[in-house]
Amino acid sequence: MKNPSRAKLVDYLLLVPGIGYIFVFITSTVAVTVLQSFGLFSVTGESHFTIENWKIIASKGVIDSLVFSLMLGVGSSVGTVLAAFPLALLLRKTSSWKRSLGSIIKIPLFIPALVATFLIVNLISYDGLVNEALLFLHIVNKPVRMLNDRWGIGVIVIQIWKNLPFVLLIISASIAGIRDDTIDAARNLGAGRLAVVWHIFIPLAMPGVLVAMILMFIRAFGDYPITSLEGPVYPSSIAVRMYTTATLYQQWDQAAVIGVIIIVTTLFVVAGYSKLAGIVTRE
Amino acid sequence: MSGLRLVNVSKSFGDYKAIDGIDLEVQDGEFITLLGPSGCGKTTTLRTIAGFYTPDSGEVYIKDRLVTTVPPNRRNAGMCFQSYALFPHMTVFDNVRFGLRMRRTPPKEQQRRVEEALAMVELEQLAGRKPSELSGGQQQRVALARAVVIEPDVLLFDEPLSNLDAKLRESVRVEIRSLQRRLGITSIYVTHDQAEALVISDRVVVMSRGKIEQIGDPFWVYDHPATSFVAGFIGLANIRRGTVTAADGTVVTVKSDFGDMTMHDEDLSIGSEVIFCFRPEDVIVSGSTGQNSVRGIIDQAIFMGNLTDLFVDVGGSLVRAQMRKGGNFKKGDPIELSIPADAFRILERDNGT
């Protein structure tokens, strides 16, 4: 090492595979999307700086899609966590039947979202199994419309079905970190089962729960396959709108604007959750 | 009124009998230690009293109330855990208050009682801290305050000091004992540390393989071990077999592998097989009293400061003796030992019946 500056250069070069990857594939893609939204690096037309594309932010279609996707994101993350938490508690101590149940629950993990949607659409469509059963049992006298409903309940149900094992994994891990002694101590001091869940399990598993909610929100908010198959015709989810804007209307720059909106919204929500996590864990 | 009563309590885990027919009566306000090696059933017994295990058979009474199938949260038993088991997300104050909240004690009274309990363990200053910001000794004192603040009918300790260093262990056990005396709460204390058991308890319950071997006050259990297990587990003991060769009503002669020993016993008859023991510290070294004197050769001499531990080869049998302070002992030196007749305890006897 005679020449220190040259040694430095080699050091920097060694960092290229790592930092270079981050720079080229992550930073640059985000940057290009942002630049495209301002008319630069345009795919379709001439490139020049403009804020014209950003006008769609005020259009009813984009706002409705954004609100709808936010709703899907929050609904799916809350719904999945609400479904996974009791299951995680149930599966905390293993026994042979719980192990089998645990394996069955994991099945959706191996089924792609698109296939999962098909499966469930078959179940809940106008003349699907569920309606047939309801009719047969005379619970309803005409089929219930559950597919492509305005509020995306069907989408949320599929999201929960598809992502339950994934969220269960995260929450189970954080529940596994709670010592048996801690639970015994609470029982010993007079806490019934519900009080143990409320005062011990929920607060101590909260960091894991929030992580699960963030990841689940990002998945559901940016989801394309489920909402494109099972979502309502209007409003479409924000991801579906981005796709149609780019391919159907050939407005790549406007699609970039929607892309930026998706990224920024996600960042805001993540920041919000983190803030919440800070408050919850401080208590 | 009895503080606690176990009647023929048994509990198995699969094929493994963790406790087997435990009978125990504890006086109100008494401090009892369950002592034994790991796997002897002491912790199972404690957890059965706490309600974490339901016994397969038998009955548990706390203050004359039958609680065999009562869940732990309705037993009013305070417990201190080996791991302290403080709630990591709550402050010291909220940890101590937890039991009162569960009992829906009025908030003002909660405040007053928590403050009293924290004052009792001298931790008022740390009320706002989280458990992770406390030392092990402080955490165990919080656990103690948390257990006594609910005014439990019985206090249960599951090896509460085993995570503390030796010095701290001594001071905390004195603290536990004086607090228990002051509050007069019936206490059951589980430990595998015989010194701890002897120091802290009114009575010691020695357990082995799921059964009670002996119950008695510390001095009695040490001085009159009832079985070979107790003699070997508490303190040091030379345990030997022998055959009675002479008996005259109060004094018997027992032939053993290191000589004929005279000892006191009224029930043995000639020809009986016995197992007997004597403590190393009762052996008189290099000073014959004329009683039970044997000659041997030093096999090992270990100087331990306040005493010297000798292993003496007497006719091919190793006898352990301890004497206060040291002497100039060397391996291979000849030595004379004598064992007073009243130092012997008969542990097992076979009268040929």
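Residues numbered from 1 in each chain as written. Chains lettered and ligands numbered in written order. Predicted model: local features only at pLDDT ≥ 70, side-chain atom pairs only at ≥ 80, totals over all residues.

Turning our attention to the overall build of chain A. Broken down by element type, chain A carries eleven helices and zero strands. Each helix and strand of chain A, ordered N terminal to C terminal, gives the series α-α-α-α-α-α-α-α-α-α-α. For 283 residues, the compact-globule formula gives about 19 Å, and the C-alpha radius of gyration of chain A, at 24 Å, lies well above that figure. The dimensions of chain A, computed from C-alpha atoms along their principal axes, are 70 × 65 × 35 Å. Residues classed as buried in chain A amount to 34% of the 283 residues present. Nonlocal contacts in chain A, meaning residues at least 24 apart in sequence, comprise 70% of its contacts between residues at least 6 apart. (Helix = DSSP H or I, 4+ residues; strand = E, 2+ residues; numbered from the N terminus. Rg over C-alpha atoms; globule rule 2.2 N^0.38 Å. Buried ≥ 20, exposed ≤ 12 C-beta atoms within 10 Å, placed from the backbone. Contact = placed C-beta atoms within 7 Å.)

All names here are of chain B. If you trace the four strands from one edge of the open sheet to the other, you get β2-β1-β4-β5, paired in antiparallel fashion. In this open sheet, the two strands that pair with only one neighbour each are β2 (16–27) and β5 (65–66). Pairing of strand β1 (residues 2–13) with β2, which is carried by eight bridges, proceeds in the antiparallel orientation. When the sheet's bridge partners are listed, Val9 is paired in β2 with Ile22. (Pairing = 2+ DSSP bridges.)

Here the focus is the interface of chain A and chain B. Contacts between chain A and chain B engage 15 residues on the former and 17 residues on the latter. Contributing elements (two or more residues each) for the side of chain A that touches chain B: α7 (180–188) and α8 (193–221) of chain A. By residue number, the principal contributor to the side of chain A that touches chain B is α7(A), which donates six residues.

To continue, consider the sheet that holds strand β14 (residues 273–278) of chain B. All names here are of chain B. Strand order in the open sheet formed by five strands is β13-β12-β11-β14-β20, and the pairing between neighbours is antiparallel. A single partner strand is all that each edge strand has here, and the edge strands are β13 (259–264) and β20 (345–350). Along the sheet, successive strands turn relative to each other by an average axial angle of 40°, direction set aside. Here β14 runs beside β20; their pairing, made up of five bridges, is antiparallel. Bridging across to β20, Cys277 finds its partner in Arg345. (Axes fitted to C-alpha atoms, helices over the stretch in contact; angles between N-to-C directions.)

Turning our attention to the domain arrangement of chain B. Residues and elements named next belong to chain B. Splitting chain B by domain gives domain 1 (2–233) and domain 2 (238–284 + 292–350). Summarising the inter-unit geometry, the C-alpha centres of domain 1 and domain 2 are found 39 Å apart. Taken together, the contacts link six residues of domain 1 with six residues of domain 2. Residue composition of the side of domain 1 that touches domain 2, by class: two nonpolar, four polar and no charged. (Domains from an automatic or database assignment. Nonpolar A, V, L, I, M, F, W, Y, C, P; charged D, E, K, R; others polar.)

This next bit is on the confidence of the model for chain A. In the predicted model, chain A carries a mean pLDDT of 86, and 96% of its residues have values of at least 70. Across chain A, the secondary-structure element scoring lowest on mean pLDDT is helix α1 (residues 4–37) of chain A, at 81, and the one scoring highest is α7(A), at 95. (pLDDT = per-residue confidence, 0-100.)

Next up on the list: the nonpolar core. It is characteristic of soluble globular proteins that their nonpolar side chains tend to be buried jointly. Of all hydrophobic cores here, the largest spans 128 residues; its most connected members are Ile171(A), Ala145(B) and Leu156(B). Among the elements that take part in this core, α8(A) stands out by supplying 13 residues, more than any other. Summarising the domain contributions, this core has at least three residues from each of domain 1 (2–233) and domain 2 (238–284 + 292–350) of chain B. Among the nonpolar cores identified, the runner-up in size contains 14 residues, and Val62(A), Leu66(A), Val257(A) and Ile261(A) belong to it. (Core = buried A, V, L, I, M, F, W, Y, C linked by C-beta atoms within 7 Å.)

A few words now on the environment of Asp299(B). All names here are of chain B. Structurally, Asp299 is set in strand β16 (residues 293–303). Judged by the 15 C-beta atoms lying within 10 Å of it, Asp299 is partly exposed. Separated by 15 residues in sequence, Asp299 and Ile284 have C-alpha atoms that sit 17 Å apart. Beyond its immediate stretch of four places on either side in the chain, Asp299 contacts Phe311, Val312, Asp313, Leu318 and Lys331.

Turning our attention to helix α1 (residues 42–50) of chain B. Residues and elements named next belong to chain B. Along α1, eight of the nine residues are buried, which leaves the element largely enclosed by surrounding structure. Listed in full, the buried residues belonging to α1 are Lys42, Thr43, Thr44, Thr45, Leu46, Thr48, Ile49 and Ala50. Just beyond α1, the residue with positive phi is Gly51, at close to 100°.

So, about the environment of Val174(B). Examined against the element boundaries, Val174(B) turns out to sit in helix α5 (residues 166–183). Expressed as a C-alpha distance, the spacing of Val174(B) and Val294(B), which sit 120 residues apart in the sequence, is 43 Å.

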